[in-house]
Amino acid sequence: MKIGVLALQGAFIEHKFILEELGCQVIELRNKNDLTAELDGIVLPGGESTVQGKLLKELKMFESLKQMIQNGKPVLATCAGLILLADKIENDSAVHLGTLPVKVVRNAYGRQLGSFYTENDFSDSGKIPMTFIRAPYISEISPGVKVLSSVNGKITAVQYKNQMALSFHPELNTDRTVHKKFIEMCIAA
């Protein structure tokens, strides 16, 4: 199993270590040529979505990545990755990849001081640890989008076809539920 982790900015190394621990080969996606590898899935990590979106365009990775996702390549997106995928961002006309039919609210839980940790239900897996850091949440979903998790009445994780997107950081905890579920998606694809 070969997984590409976007490694332009943000919390990518934690995803890499977890996926390697689970037996995957990980390719750090740093330029357009890295996207030519035979990948079974892609991870879009947390970080700063505006910076990541800008770098994807500057490094000429944007169109290839978008096409891979539209063609069914499984993708796990966390925090900023969720914003990159969303087709609508509340109070912002900028949209990045726009492959996920949801509306997100950026920095919905406030600044760094508004960051928090909780344990909540995720899909059919029971309670898992969730770390939110300047996190977005999903304010609207389109038909066909499955809600995987909500915290305090706000949608915090969804799946749409080949895309699993979370507003929290599963890579910052010891629980491997999310990454295992993502690997299952890759195997099924």
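Quantities reported herein were computed from a predicted structural model and do not represent experimental measurements. (Residues numbered from 1 in each chain as written. Predicted model: local features only at pLDDT ≥ 70, side-chain atom pairs only at ≥ 80, totals over all residues. Heavy atoms only, no water.)

K.L.:
Could you give an account of the pairing of strand S11 (residues 154-160), with specific residues and numbers?
P.N.:
Residues in a regular strand point their side chains to alternate faces of the sheet. Across the 7 residues of S11, 5 count as buried, placing the element largely inside the fold. Sheet topology note: the strand S10 (residues 146-151)/S11 ladder contains 5 bridges and is antiparallel. When the bridges of S11 are listed, Ser149 appears paired with Ala157. If you look at the hairpin formed by S10 and S11, you'll find 2 residues sitting between the two strands, and Asn152 has a positive phi there, around 55 degrees. (Buried < 20%, exposed > 50% of the residue type's maximum accessible area, 1.4 Å probe, protein only. Helix = DSSP H or I, 4+ residues; strand = E, 2+ residues; numbered from the N terminus. Pairing = 2+ DSSP bridges.)

K.L.:
Requested: an account of the nonpolar core, with residues and values cited.
P.N.:
Soluble globular proteins: nonpolar side chains tend toward being buried together. Counting 31 residues, the largest nonpolar core has Leu44, Leu85 and Val102 as its most contacted members. When contributions to this core are tallied by element, the ones reaching two or more residues are strand S3 (41-44), helix H3 (62-70), strand S4 (75-78), helix H4 (80-85), strand S5 (86-89), strand S6 (100-105) and S11. Apart from residues lying up to four places away in sequence, Leu85 is in contact with Leu44, Ile69, Val75, Ala77, Leu97, Gly98, Thr99, Leu100, Gln163 and Ala165. (Core = buried A, V, L, I, M, F, W, Y, C linked by side-chain atoms within 4.5 Å. Contact = heavy atoms within 4.5 Å.)

K.L.:
Explain the layout of surface pockets residue by residue, including any values.
P.N.:
Within this model, the largest pocket holds a volume of roughly 190 Å³. In terms of lining residues, the largest pocket is bounded by 16 residues, among which Gly47, Glu48, Cys79, Ile133 and Arg134 are the most central. Within the lining of the largest pocket, the residues separate by chemical class into 6 nonpolar, 7 polar and 3 charged. (1 Å grid on protein atoms, 1.4 Å probe; cavity = no way out; pocket = protein on both sides within 12 Å on 5 of 7 lines; lining within 4 Å. Points joined across faces, edges and corners; volume = space filled by probe spheres on them. Nonpolar A, V, L, I, M, F, W, Y, C, P; charged D, E, K, R; others polar.)

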